[in-house]
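# Chain and residue survey
Each chain, written out:
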Amino acid sequence: MYSKLSRLVFMLALLTVVALATPFLLADDLVGDFSTSSNPNGHWSYGTTPSLGGAFTLYGAVGSGGCGGALNGWQQGPNPPYVLANKSGGTATCGGSVSVPNNFLDLHPSSTGEDSVVRWTSPSTGSIVINGLFQGLDFIGPTTTDVHILLNGTAIFDANINSYGVAVPFNLVEAVSAGDTIDFAVGFGSDGGYSFDSTGLQGTINLSTVPEPGTLALLGSGFVGVMAIIRRRVGF
C-alpha cells in the first residue's frame, strides 16, 4: 500500500509542479479573428488615430469600402479610412487597381491624414510574439504608405511601403501587462496624398502568461488538501 501511496503522492507532486511552471498560451490572428459583427471584437478593435499614437476612435460603420462583396470590414463612411478583410478564399479586386490576396486585411488611411488602425488589447501580463507582414496592394500606384506597430502608443516597428506585392515582414517580442495595446497603423506616406494607399496586413500575436499568484496559491492549497484526504484514508 505504501508503495502505491508513494507513487500517487509523487505523481500528484509532479503534476502540481508542471501546472505551476507551465505558462498559459493564447494565439490571436489578425485575419482569422476578424469579424464585422462587433467592434471591439474579442481582443481586437478597429478605428483611426488623427496622428501616429494619437487618440483612438472606433470605426462606427460596417461596409466594403466600395470594394464589393469579397471585402468586408469597418469604416467611417463611404470614403477611406477603413479596414477590410478578404476571407473569400480567392483574390479580391477593388477600384481597378487594388488586388487583395485571400486571408489579408486591407487598411487605407484617410485623405485628411488619419491613420487606419487595428488594435489588440492584452488580456493579461506576459510575453508576446508578433509575427506577420505588411505589403502594398495597389498595382497601379503603386502603394505609398507608412506602416507602424506601436506598444501603448510608442512605435516598436516602422517602415515605408513604396511597392506592390513586396512583403515587409515583422517579428517582435515584447513584455506586456493586462490592458496594454498593440496598434497596427497605416498612414498615407511621404507623398502627402491618400490615393493608391491600400495596404495589406496579416499576422498573429502569441501571448504566454505565467499563472498569477492567486492561481499558484489555489493549486498549492489543492495539493495540500488532496494530501490531507489521503492521510485520513490510510490512517497516518
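Quick summary incoming for the structure in this document. This structure is a prediction, so every number in the text was calculated from the model and none was measured.

Basis of the calculations
- Per chain, residue numbering runs from 1 following the sequence as it is written.
- Selection of residues for local features in this predicted model requires a pLDDT of at least 70, selection of side-chain atom pairs for listing and counting requires 80 or more, and totals for whole chains, interfaces and linings are taken over all residues.
- Heavy atoms from the whole structure form the basis of all side-chain values; hydrogens and water molecules are not counted.
- Numbering of helices and strands starts at the N terminus; helices are DSSP runs of H or I of at least 4 residues and strands are runs of E of at least 2.
- Throughout, exposure labels follow a simple rule: accessible area from a 1.4 Å probe, protein chains only, divided by the maximum for the residue type, with under 20% read as buried, over 50% as exposed, and the rest as partly exposed.
- For this analysis, a polar contact is any N or O atom pair within 3.5 Å, provided that within protein one partner can donate a hydrogen and the other can accept it, and provided that sequence-adjacent residues contribute only side-chain to side-chain pairs.
- Contacts are assigned to residue pairs that have any heavy atoms within 4.5 Å of one another.
- The criterion for an aromatic pair is that two Phe, Tyr or Trp rings (for Trp, the six-membered ring) have centres within 6.5 Å, with stacked assigned to planes under 30 degrees apart, edge-to-face to planes over 60 apart and tilted to the rest.
- In what follows, salt bridge is the name for a side-chain nitrogen of Lys or Arg lying within 4 Å of a carboxyl oxygen of Asp or Glu.
- Should DSSP find at least two bridges between two strands, the strands are taken to pair.

So, about the side chain of Thr143. Considering the arrangement of structural elements, one finds Thr143 in the loop between β11 (126-136) and β12 (145-151). For Thr143, a relative accessible area of 0% translates into the label buried. At a separation of 3.1 Å, a polar atom in the side chain of Thr143 contacts the main-chain amide nitrogen of Leu137. Apart from the residues within four sequence positions on either side, Thr143 is in contact with Gly136, Leu137, Asp138, Ile161, Asn162, Ser163, Phe196, Asp197, Ser198 and Thr199.

Attention now goes to the environment of Tyr82. By secondary structure assignment, the location of Tyr82 is in strand β6 (residues 82-86). Overall, the relative accessible area of 5% leaves Tyr82 in the buried class. In the structure, Tyr82 is positioned 35 residues away from Gly47 in sequence and 7.8 Å away in space, judged by C-alpha atoms. Setting aside anything within four residues of it in sequence, one finds Tyr82 in contact with Tyr59, Gly65, Cys67, Trp74, Gln75, Asp106, Leu107, His108, Ser116 and Ser198.

What follows is about unusual backbone geometry. Of note, the bond from Pro80 into Pro81 is cis; its omega dihedral lies within 30 degrees of zero at 20 degrees. Along the chain, Gly141 connects to Pro142 via a cis peptide bond; the corresponding omega equals -10 degrees. On the secondary structure map, Pro142 appears in the loop between β11 and β12. Positioned with a positive phi, Asn103 is a non-glycine residue whose angle comes to about 65 degrees. Within the fold, Asn103 resides in the loop between β8 (98-100) and β9 (104-108). For Asn103, a relative accessible area of 35% puts it in the partly exposed group.

Following the criterion strictly, the structure yields seven aromatic pairs and no others. With a centroid separation of 5.5 Å and an interplanar angle of 55 degrees, the aromatic rings of Phe134 and Phe170 are classed as tilted. In this pair, Phe134 is assigned in strand β11 and Phe170 in strand β14 (residues 168-176), connecting sequence segments 36 residues apart. Phe134 gets classed as buried once you look at its relative accessible area, which sits at 0%.

Turning our attention to the pattern of salt bridges. Here the idea is simple: oppositely charged side chains can pair when their charged atoms come close. For the structure on display, the rule yields one salt bridge. We note a salt bridge from Asp183 to Arg119, for which the minimum N-O separation is 2.7 Å. Taken together, the positions of Asp183 in strand β15 (residues 181-187) and Arg119 in strand β10 (residues 115-121) put the pair 64 residues apart, joining distant regions of the chain. Asp183 gets classed as buried once you look at its relative accessible area, which sits at 3%. Given a relative accessible area of 18%, Arg119 falls into the buried group.

All right, on to the sheet that holds strand β13 (residues 154-161) then. Ordered by their spatial adjacency, six strands build an open sheet running β3-β2-β10-β15-β12-β13, and the pairing between neighbours is antiparallel. Of all strands in the sheet, those with a lone pairing partner are β3 (57-58) and β13, marking the two edges. Sheet topology places strand β2 (residues 44-49) next to β10; six bridges connect them, and they run antiparallel. Across the sheet, Thr49 pairs through a bridge with Asp115, a residue of β10.

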